[in-house]
Every structure is written in structure tokens, then in C-alpha cells.
Amino acid sequence: MANYDISVAHLYGNLMNTYGDYGNIIALTYYAKQIGVSVDYHLVSLGDEFDAIAYDFVLFGGGQDYEETIVANDLKSKTNQLHDYIENDGALLAICGGFQLLGKYMIMADGTKVDGIGVMDHYTTNMYDDKLTTLTGERLTGNIVIKNNETDETYHGFENHQGRTFLGESERSLGTVISGNGNNGMDKTEGVIYRNVYGSYFHGPIFTRNGNLAKRVLITILNKKYPTIDWHSMLEAVETETF
Ligand code: GLN
């Protein structure tokens, strides 16, 4: 039997791993294993090169403002390769802080503006009083449920963020908020889909709680790498875990 494998980059996995976002890779590996695909894990962190053609999946997890500031600085050196990876339809899951940093900028809770790498069109802001001195918006925390109207899938998660993200014109949401806050607590959008990039504020992690999404992304990854195989049918035979 042929050997199939996928190569996974965990971007800043030692700094950006809020609520065990690494569990997304465990979930992906769990499904991959059942259809005979092995997963090679690579931590890509501060000072490391990110090679756009070396990976089949990238996870960029969440972090708090302090870690995000450190990562934002280093991320500049990876901008071109990440841009190429995304525009070449590479699959990527970005959670919370990772989601924020792929966009244009983010305004931290203390009012500091941190540049994102702008490989995607969204931006993240915060809510202040008129003098821009006091944070007025409450933290967006709690259980959340969204529905993706394109696939009819429902996703469950837990959100905990201060930043408010607004999507750009080229982007569509991962889903519409059924209960909870979502990207900004205002426009009922949650997360983002752009090419094969999925962004979300969901911890939980999103792939362990929503096996339907994990399988969907795994099919995308495998179809790109091994296009002659019917991965969809193979994964359909594997039971989907949801929590
Ligand atoms: N620091 C960001 C915010 O609070 C991201 C938080 C996170 O990744 N959980 O908006």
C-alpha cells in the first residue's frame, strides 16, 4: 500500500497556544490516521524560516496581547512566504490572536496599534471612550454557536477575546452567529474563510469539538496533495466526533 503523509507547521506553537489550540493538530491526526495518512509535525517559531512549499497545513493559534506583540515583530520576516502559501491555496487554520495577526492591524487593549502582516483583509480594533483612554467594550467571553450557510454545518466553541475583528471585502465569515458574540459582537459574523484559510475565535479546540470541520479541511489538504484519490468517500466512512 502506498504511503501518504502530510506536513504540518505549527506557527509559534510555543507562544501562541491558548486553551490548547495544539489540539487541532491532534484532531487532524486522529482522522488522518484512520485513512492511512501520517502527519509530520514541525514547530516554526521565532527566528525560524517558513518555507511556503514545505507544508500542507499550517496552524497559527491564539495568544494574549503580550505574546502577540512579540510574534508580530518576528512574523514580518515570514510575510512573503505566508502570502505565497495562502495564495497558492495552502490550508491554514488561524485562531484568535493568529487570526488577528494575518490581517492588517490590531489595536490592543492598552490602545497600542500593532501591524498585522496584511496577507488578509480584516482588521481588529477595540472600543474606547472619546478620549481614547478608557476601554469601554467588555471582553467577549463564553460559549458560542454558529451556522455556516454554505455547508449547512453548525459549529460549537468557546470564545474569549478583547479585540473586535471586521472582515474585508475579499473575505466571507466562517459562519453566522446563532448565540454568542463572534468577530465583533455587532455584525453576527464569526471567523473568516479566504481561499483555503479558516480563521476563528473558537477555542475548544475547534477541530476536536467540530469533527465535520476537521474532516472538511483534511479533505482540502489531501485533494491538493494527492488529487487522484477519493478522500471524501474515505473520510465519509470515518465517524465524526462532535462535542
Ligand atoms: N489578545 C487577543 C484579544 O484578546 C487574542 C486573545 C486570544 O487569542 N485568546 O483580542
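Cut-offs and rules
- Residues numbered from 1 in each chain as written.
- Predicted model: local features only at pLDDT ≥ 70, side-chain atom pairs only at ≥ 80, totals over all residues.
- Helix = DSSP H or I, 4+ residues; strand = E, 2+ residues; numbered from the N terminus.
- Rg over C-alpha atoms; globule rule 2.2 N^0.38 Å.
- Buried ≥ 20, exposed ≤ 12 C-beta atoms within 10 Å, placed from the backbone.
- Contact = placed C-beta atoms within 7 Å.
- UniProt positions renumbered as here; feature names shortened; annotations may be inferred.
- Near = placed C-beta within 6 Å.
- Nonpolar A, V, L, I, M, F, W, Y, C, P; charged D, E, K, R; others polar.
- Core = buried A, V, L, I, M, F, W, Y, C linked by C-beta atoms within 7 Å.
- Pairing = 2+ DSSP bridges.
- Axes fitted to C-alpha atoms, helices over the stretch in contact; angles between N-to-C directions.

Asker: Please set out the overall build of the chain residue by residue, giving values where relevant.
Answerer: Secondary structure assignment for the chain yields seven helices and 14 strands. For 243 residues, the compact-globule formula gives about 18 Å, and the C-alpha radius of gyration of the chain, at 17 Å, lands near that figure. Structurally, the chain occupies a C-alpha span of about 65 × 40 × 30 Å along its principal axes. The 243 residues of the chain split such that 43% are buried. Looking at the chain alone, contacts between residues at least 24 apart form 69% of all its contacts between residues at least 6 apart.

Asker: Help me get a handle on the UniProt feature "active site" (unreviewed entry) in the chain, residues and values and all.
Answerer: Those places that UniProt annotates as "active site" (unreviewed entry) correspond, in this numbering, to Cys96 and His203. In sequence the annotated residues extend across 108 residues, while in space they remain close, none of their C-alpha pairs exceeding 8.1 Å. Structurally, the position occupied by Cys96 is in the loop between strand E4 (91–95) and helix H4 (97–102). Contacts of Cys96, omitting those with residues within four sequence positions, involve Thr18, Gly62, His161 and Tyr201.

Asker: Break down the site of the ligand for me, with residues and values.
Answerer: Taken together, Thr18, Gly62, Gly63, Gln64, Asp65, Glu68, Cys96, Gly97, Asn160, His161, Gln162 and Gly163 make up all the residues around the ligand. Secondary structure elements with two or more residues in the shell around the ligand: helix H2 (65–75) and strand E9 (153–161). Taken together, the residues that form the shell around the ligand break down as one nonpolar, nine polar and two charged.

Asker: Report on the nonpolar core, specifying residues and quantitative values.
Answerer: Grouped together as the largest cluster of nonpolar side chains are 57 residues, with contacts concentrated most on Leu28, Val58 and Leu218. Looking at this core element by element, the count peaks at six residues for helix H6 (residues 211–225).

Asker: I'd like a description of the environment of Tyr226, backed by residues and values.
Answerer: Positionally, Tyr226 belongs in the loop between H6 and helix H7 (231–236). In this structure, the C-alpha to C-alpha distance between Tyr226 and Asp5, residues 221 residues apart in sequence, is 9.7 Å.

Asker: Any chance you could break down the sheet that holds strand E2 (residues 37–44) for me, citing the residues and the numbers?
Answerer: Strands belonging to one sheet form pairs held by backbone hydrogen bonds; the direction of such a pair is parallel or antiparallel. The strand order across the open sheet formed by six strands is E2-E1-E3-E4-E14-E13, and the pairing between neighbours is mixed. For this open sheet the edge positions go to E2 and strand E13 (192–194), each flanked by a neighbour on one side alone. Ignoring strand direction, the axes of neighbouring strands in this sheet form an average angle of 15°. Pairing geometry for E13 and strand E14 (residues 197–200), over three bridges, is antiparallel. Residue pairing in the sheet places Tyr194 in a bridge with Val197 of E14. Contacts between H6 and the sheet are confined to strand E1 (4–11), E2, strand E3 (57–60), E4 and E14, with E4 contributing the most and set at about 150° to the helix.

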